Amino acid sequence: MSSMENQKRRISIILVLLSWIFMVAAMAAENTLTVPVNVGVVVDLDEVSGKMYLSCIEMALSDFYASHAQYKTRVVLNTSNSHEDVVGAADAALDLITNVEVKAILGPMTSMQATFVVKLGEKAHVPIISFSATSPSLTSLQSSYFFQFAQNDSTQVKAISGIVQNFGWRRVVPIYVDNMYGEGIMPFLIDALLEVDAHVPYRSVISQSATDDLIEIELYKLMTMQTRVFIVHMMPKLASQLFAKAKEIGMMNKGFVWITTNGIGDRLKAMGSVMNSMQGVLSVETAVLDTLKLREFKTRWKRQFQQDYPEIIDVELDAFGYRAYDAAFAIAMAVEKVGNAGFGFQKGNASSFKSTDLGTLKVSQYGSNLSNALSLTSFRGIVGDFSLVDRQLQLSTFMIVNVNGNGVRAVGYWTPENGRLMKQLNSTNSCNVSGFKCDALGPIIWPGESSSVPKGWEIPENGTRLRFGVPVREGFTEFVKVTPNLRTNTTDVTGFSIDVFKAAVELLPYALPYELIPYAYPNGTSAGTYNDLIYQVYLGNFDGVVGDATIRANRTLYVDFAMPYTESGVVMVVPIIDSRTKNAWVFLHPLTWDLWMTTLGFFIFIGFVIWVLEHRINEDFRGPPSHQVGTSFWFSFSTMVFSHRERVVSNLGRFVMIIWVFVVLIVTQSYTASLASLLTVPKLRPAVNDINDLLRNGDNVGYMTGAFVYDLLKEVKFDDAKLKAYGSMEEIDDALSKGSANGGIAAIVHETPYMKLLVAKYCSKYTMIGPIFKTDGFGFAFPKNSPLVSDITQAILNLTDDGLMTKIEDKWIKKDSNCKDSDGNFSSSALGLDSFWGLFLIAGIASIFALIISVTSFLYEHKHVLMPPDSGTSKLKRIRTMFEIFNEKKLSSHTFRSSRHSDSGVGAQDHEVKALSPNNNWPESPQSCINHADTVSVSSRGQASPETNPTLELAITVQETH
C-alpha cells in the first residue's frame, strides 16, 4: 500500500516538474518570438554613394536592435536598385509595394526619382522616407506619406545671399542642372538675392546629360559677360565636369567667384581629385558637430564598408549618409510603436475594362498609423537632435567652407536662430542679411590663389567695347560737343561732361574699354530727345549715356544714374538794371522809414529829458513856455551837426548827452556813407525777382529747345503763347536784350549748369535767380543694377575731393575777365532800425535812468509839500503847487549861489537873480515871493533859517483863502 502511495507521489512530482518545464519553455518561446516587418530600400547601387547609404542603413538597424533587443518587431530590409533612373526607381518601388508588400520605403536618392515614388506611396498608403532628395518642389506634392529627412534646399538660400552681401556683389549668375532638382531652388534663391540688392542678369542652365563640349560652349558664353560671381547648384557628377572644364578655359583664375550649394558641399570629401579643379571655391555645407560618438561610428562604418566592398577605397561619409543612418533608426522606432498587429494589404479597386499593376495596387491597412508614428518620432541622432516639423527635418546650421589644397577650411557659419553669418558659432561678430556690408567671414583664398576680394565683375578681354551714347545738340557745346573728323572719318566728342567721365574712368581700379557714339542720324542731326537716348539704354542699344543728361524720376524707371557731377536745380536768368535813384528825394533813401521815425522820436525825447534836468538850474533853458520848448528842441536837433551853444550844467544831463552824442555820431556817419554810395556806386538789381512776377505781368519766358523745363513751366500755368524755345546762348542774349515788350523774353529758365555758363559769358548784363525748381543735376546713366554705377560714383567723389572737378570746370566754363564774382543775391542798401536798435536802447535806458533819479530827488526834497502836517489842504492843490515849484528856479543850486556871492545885499541879490538871463521874461507867481522871502533868511553858509518852513506854510494858507 505504501509502495503504491510512493509511486503516486513520484508521478505527481514528475507531472509538476513537467508542467513547470513546459510553462518555462512556453514563456521562453513567447519571449523569443519577433515580428518581421518588410521595409524597402531604393538606392542607386551602381553608384558608390548608393552603396554608402545602404551600408549606413544596415549598420543603423544593427545598432538599433543591439540596444533594443526586447523590441518585438524587426525591420527586414528589401533592397532594390534604381539604376540612376527615374523609371528604374519607380519600377523598384512598385515591385516592393506590390510583390514584397513593404510597409515603408527608404529612398529614392534623387528629387526626380522621388516625385513619382511619392505618388505611388500616396496611392498605396506606404510612407516614403527620403534622406537625400532635397528639392523644395517636393513639398508641393503635399503627401501625408512623404517624409523629407534631408535638408530642404530652400533653407540654404539665406546663407548664400549672406555671402553675396558680405562682399558687396551686385550681380550673380546661377548655374544649375536642367531638372526639378536644379529648378526647385531658383525662386527662393532669386528672392533671397533681391533682398540684399543683388540681381540675376542671366541664368545658365546645363542639361544633366551635357557633354564636355556643351559645357565648354556655355562657359565661354559666361566669359563674354561682365558678371564674375557664379552660384553652382547641381549633383557632384555634373559639377565635376563643370569645374574641370572651367579650370581648363581659365575661369578658375583671379577675379572669378564660385559658390556651390550643399548638394556639392556635403559631398566635397567624396569628390576626390576633382577638388584640384575647385581651388578657391566657396561652398555651403551642412554643419556636423564632431563628437566622440560620431568618430567611433565613422571608424566602425569604414571598417564594415571595406569588408563589404573591398574594391572601393578612399570613401568618406557625407551628411546624407548620416541622414540615412538616422532614417533607419526612425523607421525602426516607428514600427515598434505601431506594434505587432498584422501589417496586411488590401487589394485596390481594379478597372472593369483594363487591369494593370497600378490599377490593382494594394493599399496598406496600417500605413496611416505608421505615418503618424513617424511624424512623432524624435531622438538623439548620430549628428544631433532628430525631430520633424510637417514631415520635414528641422533647420540646421550651415558651414561656409573654402576649398584649398586637398581639403576644405571653414571660414564661417550661418545659423537659423539668428539668420546671419558669423566667423565662429556663438560669436557676436556677425552680419545681418538685411544690414549693411560687413566682414563676417574668415580669410579666404580665392581662385587664382588671390587673397584680395574679387570685385565681382569686369570687362571681358575678349569682349566688345562698351558703347556709350552721347547726346547731340547745337547750343551749349561747352558740355558736349560732337565734331565730325573728315580726315579720319571719325567723330570727336569733347566737352565738360566728357572730360569728367574720362577722368572718372581713369580713377577706376581696372581698365574700361569703351567708345562714345553720338546719338545722331547719318547727317549729324540729333536722333531724338534726351528721354529717347535714355530709353535706348533700356532697350540694350547702348551700355550707358555719357553727357549732360539730367537725373529725373521718370528716367530712373529705365536706368540707374551715378551720383550727379554738377550743381542741381532749375534757375531763372534775367537782365540786371542800375537802380541808382536820381530824384529830389534821394537824401531820404539811406535810412528806412522806421529808422527815420525812431531817430526823430529820440531827438524829441532827448530834448524833453534835457529840459527836465536843466530848466531849474540853467538859465539857457528858462523863459516863456514857447521859448523853453523851442530851446529844448533846438538843443536836441542841433546835436545832429554838433552846433548847439547851450551849456549843460547838471551831471545827469551831461551823462545823457555823452551817450546821445555818441549815438548821433554813429547814425550821421552811417547816413553819410550810405548816401555817398547811393549817389556814386552803381546799384544793380534783377529786373524780375520771382517767377510769379512773370506770370502776373504776362511776360514772355524762354527755355531750351527739347528741354524738360517746358513741362515744369506748363505746370505753373504759363501759357504756350508766352513760352519761347531757343537753342544757343547767342539767341538767348538777343531775346533778353529785346525784352518781352519788344518780342523778346523777360527771363530764360533752365538748369543751373547751362545758366551758369550763360552768366559767365554775359556777367555784366544778366544774373541768376533761384533755384526755382528742384532737380538732381547731371549724371551718367547705366543699365539697371549695373556695377558701373557704384564705381563711377566713387570715382566722381574722388574727383571732387581732389579738386580735379574744379579744374575741369574752370577749363570749360570760363568767366569774362571783366566779371566779378556775384552770388546773384540783391537787397536794399537802405539802413534799417535793426542795425541801430542797440544804440537807441542804450540811449533810452540812460535817459529814463536820469529822469528817475532827477524826479526822485525833487520829490524827496519837497516831500513836505506833498505830505504837510496840516492835512486840510487838498491833494489837487498840493500837486499844483509841486508843479509850480518844479517850474521855478532852484536858487539853492551852485549855478545861482555863485552869482549871489558877488552881490552885497538882498536887493542886489534879488535884482541879480532876476537879471541872470536875458531870457527871464516869465512873470512872477505868488510862490515867487515866498521863495524870495526864503532867500533873505538864508545864511552866508548856505543854510536855510528856521523861518523858512512857517513862511511856506503861510503862503499856502494865503493862497487857499483866495
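Everything below is about the structure printed above this text.
Before going into details, it helps to say that this report is about the structure given with it. A quick note: this is a predicted structure, and the numbers were derived from the prediction, not measured. (Residues numbered from 1 in each chain as written. Predicted model: local features only at pLDDT ≥ 70, side-chain atom pairs only at ≥ 80, totals over all residues. Heavy atoms only, no water.)

Some remarks on the pattern of salt bridges
Selection criterion: Salt bridge criterion: a side-chain nitrogen from Lys or Arg within 4 Å of a carboxyl oxygen from Asp or Glu. In this description a helix means any DSSP run of H or I spanning at least four residues, a strand means any run of E spanning at least two, and both kinds are numbered starting from the N terminus. When a residue's accessible area, from a 1.4 Å probe over protein chains only, is under 20% of the maximum for its type it is buried; when over 50% it is exposed; and in between it is partly exposed.
One pass over the full model with this rule turns up 21 salt bridges. The shortest N-O distance in the salt bridge between Lys245 and Glu216 comes to 3.8 Å. Taken together, the positions of Lys245 in helix H9 (residues 236–248) and Glu216 in helix H8 (residues 212–223) put the pair 29 residues apart, joining distant regions of the chain. Exposure remark for Lys245: the relative accessible area of 9% places this residue in the buried category. Among the residues examined, Glu216 registers a relative accessible area of 21% and is labelled partly exposed. For Asp733, the salt bridge goes to Lys765, with nearest N and O atoms at 2.8 Å. One end of the pair, Asp733, is in helix H21 (residues 729–738); the other, Lys765, is in the loop between helix H22 (752–761) and strand E32 (766–773), and 32 residues separate them in sequence. Taking the relative accessible area as the measure of exposure, Asp733 reaches 14% and is therefore buried. Taking the relative accessible area as the measure of exposure, Lys765 reaches 32% and is therefore partly exposed. Sharing partners across several salt bridges, the network here consists of Glu216, Lys245 and Glu248.

Side note on the environment of Lys890
With respect to the helices and strands, Lys890 occurs in the loop between helix H27 (875–887) and helix H28 (894–900). Measuring from C-alpha to C-alpha, the distance between Lys890 and Ile617 comes to 5.6 Å, with 273 residues separating the pair along the chain.

Details of the packing of aromatic side chains
Here is the rule we go by: Stacked, edge-to-face and tilted labels apply to pairs of Phe, Tyr and Trp rings (six-membered ring for Trp) whose centres lie within 6.5 Å, assigned for plane angles under 30 degrees, over 60, and everything in between, in that order.
Per the counting criterion, the structure on display carries 44 aromatic pairs. Seen in terms of ring centroids, Phe230 and Phe256 are 6.4 Å apart; in terms of plane orientation they differ by 20°. Their pairing is stacked. Pair noted here: Phe230 is in strand E8 (residues 229–233) and Phe256 is in the loop between H9 and strand E9 (257–260), with a separation of 26 residues, a long-range link. Across the pair, Phe256 and Phe230 agree in class, each one buried. With centroids separated by 4.9 Å and ring planes inclined at 40°, the aromatic side chains of Phe305 and Tyr309 adopt a geometry described as tilted. Considered together, Phe305 and Tyr309 belong to a single accessibility category, that of buried residues. Ring-pair connections join several aromatic residues into one group, and the members of that group are Phe468, Phe476, Phe479, Phe496, Phe501, Tyr514, Tyr565, Tyr754, Phe778, Phe780 and Phe782.

Here we look at the packing of helix H16 (residues 593–614) against helix H25 (residues 837–861)
Rules: Lines fitted to C-alpha atoms define the axes here, with helix axes fitted over just the stretch in contact, and angles between the N-to-C directions of these axes take values from 0 to 180 degrees. Orientation is classified from the angle alone, with under 35 degrees giving roughly parallel, over 145 giving roughly antiparallel, 65 to 115 giving roughly perpendicular, and any other angle giving oblique. Here is the rule for handedness: rotate from the far helix to the near one, and if that takes an anticlockwise turn smaller than a right angle the crossing is left-handed, while a clockwise turn gives right-handed. Note on contacts: a residue pair qualifies if any of its non-hydrogen atoms lie within 4.5 Å across the two residues. Asp, Glu, Lys and Arg are counted as charged, while Ala, Val, Leu, Ile, Met, Phe, Trp, Tyr, Cys and Pro are counted as nonpolar; the rest, among them Gly, fall into the polar class.
It is the contact of H16 with H25, at a shortest axis distance of 10 Å, that shows an interaxial angle of 20°. As far as their axial angle goes, H25 and H16 are roughly parallel. Crossing of H16 over H25 shows left-handed handedness. Seen from H16, the contacting residues are Leu595, Thr598, Thr599, Phe602, Phe605, Ile606, Phe608, Val609, Val612 and Leu613; seen from H25, they are Phe840, Ala843, Gly844, Ser847, Ile848, Ala850, Leu851 and Ser854. Split into classes, the residues belonging to the contact of H16 with H25 amount to 13 nonpolar, five polar and no charged.

Topic: a nonpolar patch on the surface
We apply this condition: Nonpolar side chains (Val, Leu, Ile, Met, Phe, Trp, Tyr) are joined into patches within 5 Å and like charges within 9 Å, using only residues with over 30% relative accessible area and no salt bridge. Each accessible area value is a Shrake-Rupley result obtained with a 1.4 Å probe; residue values ignore everything except the protein chains displayed when judging cover.
On the surface, Trp593, Met597, Leu600, Ile604, Val629 and Phe633 cluster together to form a nonpolar patch covering roughly 600 Å² of accessible area. Broken down by secondary-structure element, the contributors of at least two residues to the nonpolar patch are H16 and helix H17 (625–638). A total of four residues in the nonpolar patch trace back to one element, the largest contributor, which is H16. By the secondary structure assignment, Trp593 is in helix H16.

What to know about the nonpolar core
What counts here: For this analysis, a nonpolar core means a set of buried residues of the types Ala, Val, Leu, Ile, Met, Phe, Trp, Tyr and Cys, connected via side-chain atoms within 4.5 Å.
Residues Leu713 and Ile792 are the most contacted members of the largest nonpolar core, which totals 87 residues. Element by element, the count of residues in this core is highest for helix H14 (residues 496–506), at seven residues. Excluding residues within four positions of it along the chain, Leu713 makes contact with Ile691, Val701, Tyr703, Phe718, Leu723, Val749 and Phe773. Judged by nonpolar contacts, the second largest core, of 53 residues, contains Ile129, Tyr325, Ala328 and Ala330.

Thoughts on H25
To keep things clear, this is the line we draw: Expected span of a helix: the number of residues minus one, times 1.5 Å.
Its 25 residues give H25 an end-to-end C-alpha distance of 36 Å, which sits within 8% of 36 Å, the value for a rise of 1.5 Å per residue. Listing the buried residues of H25 in full gives Leu839, Phe840, Ala843, Gly844, Ala846, Ser847, Ala850, Leu851, Ser854 and Phe858.

Description of the packing of helix H5 (residues 157–166) against helix H7 (residues 186–195)
Closest axis-to-axis distance for the H5/H7 pair is 9 Å, and the angle between their directions is 40°. When you trace H5 past H7, the crossing you get is right-handed. Contacts between H5 and H7 involve Val157, Lys158, Ile160, Ser161 and Val164 from the first element and Phe188, Leu189, Ala192, Leu193 and Glu195 from the second. Tallied by class, the residues present in the contact of H5 with H7 amount to seven nonpolar, one polar and two charged.

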